[in-house]
Amino acid sequence: MMTEAAKASKLYYGWIVVLIAFLALLVSAGINSIPSVLMLSFEKEFGWDRASVSGALSIKILLYGLMGPFSAALMARFGIRRMMVIAMILLAGSLSLTPLMTALWQFFLLWGVMVGLGTGMMANVLGVTVANRWFVKHKGLVVGLLTASAATGQLLFLPLLAQITTAIGWRASIFTTVAVLVLLIPVVAIWMRNHPYDVGAAPLGEEVVTKPAPFRGNLFLAPLQTLASSSRSGTFWLLAGTFFFCGFSTNGLIGTHLIPACGDFDIPIVIAAGLLALMGVFDLVGTTLSGWLSDRFDSRWLLFWYYGLRGLSLIFLPTALSMGYTQLLIFAVFYGLDWIATVPPTVKITSDVFGKEKAGMVFGWIVVAHQVGASTAAYGAGVLRDWLGSYTVPFVMAGFVCLFAAVMAVRIRKSVRMAHAVGA
């Protein structure tokens, strides 16, 4: 049973853990958004074309995803707190070296590899792990809040970094981010906790305090074994497929290329960054609401509407860019509301079908598919822009694949029954 100290506490410690995880994910999201602000600066200073810069960013996005299932295993073995501190130290080191780079291969190493690994250790898997360990009640809401941290990071960092870059230079924006990381590392080291058992509490919604089961198995083989077992379920492939298209249409495309696309229409970088930040405001609302809705409604139909509306907004984007700020504002509202609102219902389905113990690693592999899609879009859109002279084709293409993902989401229903039948 729950200890007297835990009962006497008015504030469930899990909410403090959520706050710390939110801050860490917020900063990680801010770091991920930096290249979109700096892409034009790199073109001007180093002469690197969009395809070259996009190639490094596609590696970062891919490694961000590939770290997911292994990060879940590392958190299970060594604890959430230790892995968060290691990730932030890696990010601080790679960012600190960035202003010293002089060649494209150094950008590939620092941002493609090191930043990709560091942010991948603090990706959506962290939010899923925290939610599954600390919450039974309000789990969907917690996933929504932690997912929305990406929007909040974008909201806070993009306009600030764009302003610093314009006024002082891109190196100053990098050092600003390093300073934030240095302040956050001791917060995580002191106050983060790995499991409710560490504070003598049960997960919110349960009464029994349970010691976490020790991690068993090989750190590198366990995620692969989880992939092998989950891949026998049609549900896994439908979730991975829809998430591939999710990544293709979000951070790989809009997160990486919207600011450069605005530059093609002589829209100043500060205004373009502000547009992304505005999308972050609406995404914060939409994703948090999505978490609340996923606790109450069929997640598959939520995904249908999210992907469908996102697809229509992307098809409208080339028109909005050519018509002016009012149309771009309309796009920002509709696209922003479901930028990453797809995460809470996807997590809900994953947890329901594969169980909360496996959910972290299974969702990690689903995120791999997301990042493969994002990596494809990040590089492909850069190549198409250099080839065709505009972003119209990749934007419209992404819109249509989202409409296809909406149809795939509805098909998950049959696969859920099949997954239960095979004991997935």
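Note that the structure is a prediction, hence the values are computed from the model and not measured. (Residues numbered from 1 in each chain as written. Predicted model: local features only at pLDDT ≥ 70, side-chain atom pairs only at ≥ 80, totals over all residues. Heavy atoms only, no water.)

**Student:** Please clarify how the nonpolar core should be interpreted in this entry.
**Tutor:** In a soluble, globular protein the nonpolar side chains are often hidden away together inside. Formed by 123 residues in total, the largest nonpolar core has its most connected members in Phe107, Trp111, Val130, Ile254 and Met279. If you tally residues by element for this core, the top one is helix 2 (residues 13-46), at 16 residues. (Core = buried A, V, L, I, M, F, W, Y, C linked by side-chain atoms within 4.5 Å. Buried < 20%, exposed > 50% of the residue type's maximum accessible area, 1.4 Å probe, protein only. Helix = DSSP H or I, 4+ residues; strand = E, 2+ residues; numbered from the N terminus.)

**Student:** Can you help me understand the environment of Arg77 in this one?
**Tutor:** Tracing the backbone through its elements, the reader meets Arg77 in helix 3 (residues 50-78). We classify Arg77 as partly exposed; its relative accessible area is 45%. Ignoring any residue separated from it by four or fewer positions in sequence, one finds Arg77 in contact with Phe215 and Leu219. (Contact = heavy atoms within 4.5 Å.)

**Student:** Before we go on, may I ask you to explain the state of the cysteines in this structure?
**Tutor:** As enumerated under the stated definition, the model contains zero disulfides in all. With no disulfide of its own, Cys402 has Cys246 as its nearest cysteine by sulfur position, at a separation of 7.5 Å. (Disulfide = S-S within 2.5 Å.)

**Student:** Hey, could you run me through the packing of aromatic side chains in this one?
**Tutor:** How two aromatic rings sit relative to each other is set out by the distance from centre to centre and by the angle between their planes. On inspection of all chains with the given rule, the structure shows 21 aromatic pairs. When the centroid spacing of 6.0 Å and the interplanar angle of 55 degrees are considered together, the rings of Phe42 and Phe46 count as tilted. Placement of the pair is Phe42 and Phe46 together in helix 2, with a separation of four residues, close to one helical turn. On the basis of relative accessible area, Phe42 is assigned to the buried category, the value being 2%. Ring geometry for Phe304 against Trp305: centres 5.4 Å apart, planes inclined by 80 degrees, an arrangement best described as edge-to-face. An aromatic cluster is present here, built from Tyr12, Tyr13, Trp15, Trp134 and Phe135 joined pairwise through their rings. (Phe/Tyr/Trp six-rings, centres within 6.5 Å; stacked < 30°, edge-to-face > 60°.)

**Student:** Just to check I follow, could you spell out the environment of Asp386 for this structure?
**Tutor:** For Asp386, the position within the fold is in helix 16 (residues 356-388). Of the residues examined, Asp386 reaches a relative accessible area of 37% and is grouped as partly exposed. Here Asp386 is in contact with Asp49, Arg50 and Ala51, once residues within four sequence places are set aside.

**Student:** Is there a simple way to think about helix 13 (residues 299-323) in this case?
**Tutor:** Note: α-helices contain 3.6 residues per turn, so residues at a spacing of three or four share the same orientation. Over its 25 residues, helix 13 runs 36 Å from end to end, which matches the ideal 36 Å to within 8%, given 1.5 Å per residue. By the largest-angle criterion, Leu317 marks the main kink of helix 13, which is about 40 degrees, and a proline, Pro318, follows within four residues. Put simply, Asp298 is the residue that caps the front of helix 13, since its side-chain oxygen is 2.9 Å from the backbone nitrogen of Arg300. Gly324 sits one or two residues past helix 13 and shows a positive phi near 130 degrees. (Expected span 1.5 Å × (residues − 1). Bend = angle between axes of the 7 residues up to and from the residue. Polar contact = N/O pair within 3.5 Å; in protein donor to acceptor, adjacent residues only side chain to side chain.)

These figures capture arrangement, not role.
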